[in-house]
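# Working through the structure, step by step
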Amino acid sequence: MSSPDPQVRAARNLTDPSPESTPEEKRPRSPGNRGPVVAVTGAATGIGELLTAHLAASDAIKQVIAIDERRGEVSEATWHILDVRDPAIAEKLRGADVVVHLALDLDLETDPAARTAYNVRGTQTVLTAAAAVGVHRVVLCTSAMVYGALADNDVPLSEHAELRATAEATGVGDLLEIERLGRRAPRAHPGLNVTVVRPTVLVGGTDTALTRYFESPRLLVVAGSRPTWQFCHVEDLVTALEYAALEKIDGEFAVGCEGWLEQEEVEELSGVRRMELPSAVALGAAARLHRIGLTPSPAGDLAYTMHPWVVSVSRLHDAGWRPKWTNEEVLGALLEEVEGRHTLAGRRLGRKDATAAGAAGATVALLGAAAVVRRARKARRRI
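A few points on the structure.

Conventions used here
Residues numbered from 1 in each chain as written. Predicted model: local features only at pLDDT ≥ 70, side-chain atom pairs only at ≥ 80, totals over all residues. Heavy atoms only, no water. Buried < 20%, exposed > 50% of the residue type's maximum accessible area, 1.4 Å probe, protein only. Helix = DSSP H or I, 4+ residues; strand = E, 2+ residues; numbered from the N terminus. Contact = heavy atoms within 4.5 Å. Pairing = 2+ DSSP bridges. Right-handed = clockwise from strand over helix to strand, strands pointing away.

Next up on the list: helix α2 (residues 46-56). Within the sequence span of α2, burial applies to Gly46, Ile47, Gly48, Leu51, Thr52, Leu55 and Ala56. In this structure, the buried residues of α2 make contact with β1 (37-41), β2 (63-68), β4 (98-101), β7 (201-203) and α7 (234-245).

Structure (structure tokens):
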């Protein structure tokens, strides 16, 4: 998934020495090791860093090639410092058997056009470069969000279900395009295999519209909707990516906890009460607030808190993989992680704003968004 870690975008802005001035470090391997050489993009932060460390410690992996715009902390890997959009990445991938592409920007605060340009161009470059130097497998990480959140979805969805998502939610258009590139690549480059990993709601050092949902003083529920929740801890995603890198599974598959939680179970486990609003009010306010730039989340993000999009993880189970985390445990970890943060309508609040919102009540604060919209419109007219 793609790494949703907000540090990914920041990492790309850091100034680092050129590849020529950065010494490479390699982990000693026993002569008998016949495992694959695995390259990881986006290896310095987030999921990429976790996977790089995990693979570097594995006796099943011959060598780890780490690629990012800055050097990470995993000294056992061989590091190359460059932008994944640079065609020079081809030479850095030479000798790799598998590439796990995790250099994605899904930061809520990134300019959407810049985010799409980075994500799509980076994936195109990695796929083309991998094929050019004889890499035989590329692993892409997107999200189960590509299935779409719709009222008529099966519960659970089959992993082979049609992808019915639209580009209305944050980053989902990028993920759909990345999957399209992944499907096309083997036809354009015979001999190249592409594996696609689709995690459910990702938790563990992540910052997404779905994790921010649990930072609100009340859990917004749209009247008449049926929310369901299926989580995926980053530790489980890392082991699933390892399965893909070791070619224990291929094709397209989902990864997440077994089963799912209904909204009532989430409220009971979290102790956070709901705020129920009519669909027109919730969607209308979300659309207006995003349009005038007050919140980072478009109205399309709300669909994933309204309708079911839980997915079977049977393909991984058939391959012998099992999650270490349950939905209940991941929800508990998420609540600990977001404790002390305050979000309203997808926007992070400062301490002063949070105190005011808490005192007034979340319902009043959200419905008061209409007044904010009106004031913003008046201000634009005066300019």
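After that view of the structure, there is still more to cover.
Burial of the side chains of β4 extends over both faces: Val98 and Val100 are buried on one face and Val99 and His101 on the other. Relative to β4, β1 runs parallel, the two being bridged by four bridges. Within the sheet, the bridge partner assigned to Val40 lies in β4 and is Val100. The pairing of β4 with strand β5 (residues 137-141) spans four bridges and is parallel. Counterpart to Val99 in the pairing with β5 is Val138. On the question of chirality, the crossover connecting β4 to the parallel β5 by way of helix α4 (residues 112-132) is right-handed.

What follows deals with the pairing of strand β8 (residues 219-222). Neither face of β8 is exposed, since Leu219 and Val221 on one face and Leu220 and Val222 on the opposite face are all buried. Sheet analysis places β8 next to strand β13 (residues 274-277), joined by four bridges and oriented parallel. Within β13, the position partnered with Val222 by the bridge is Leu277.

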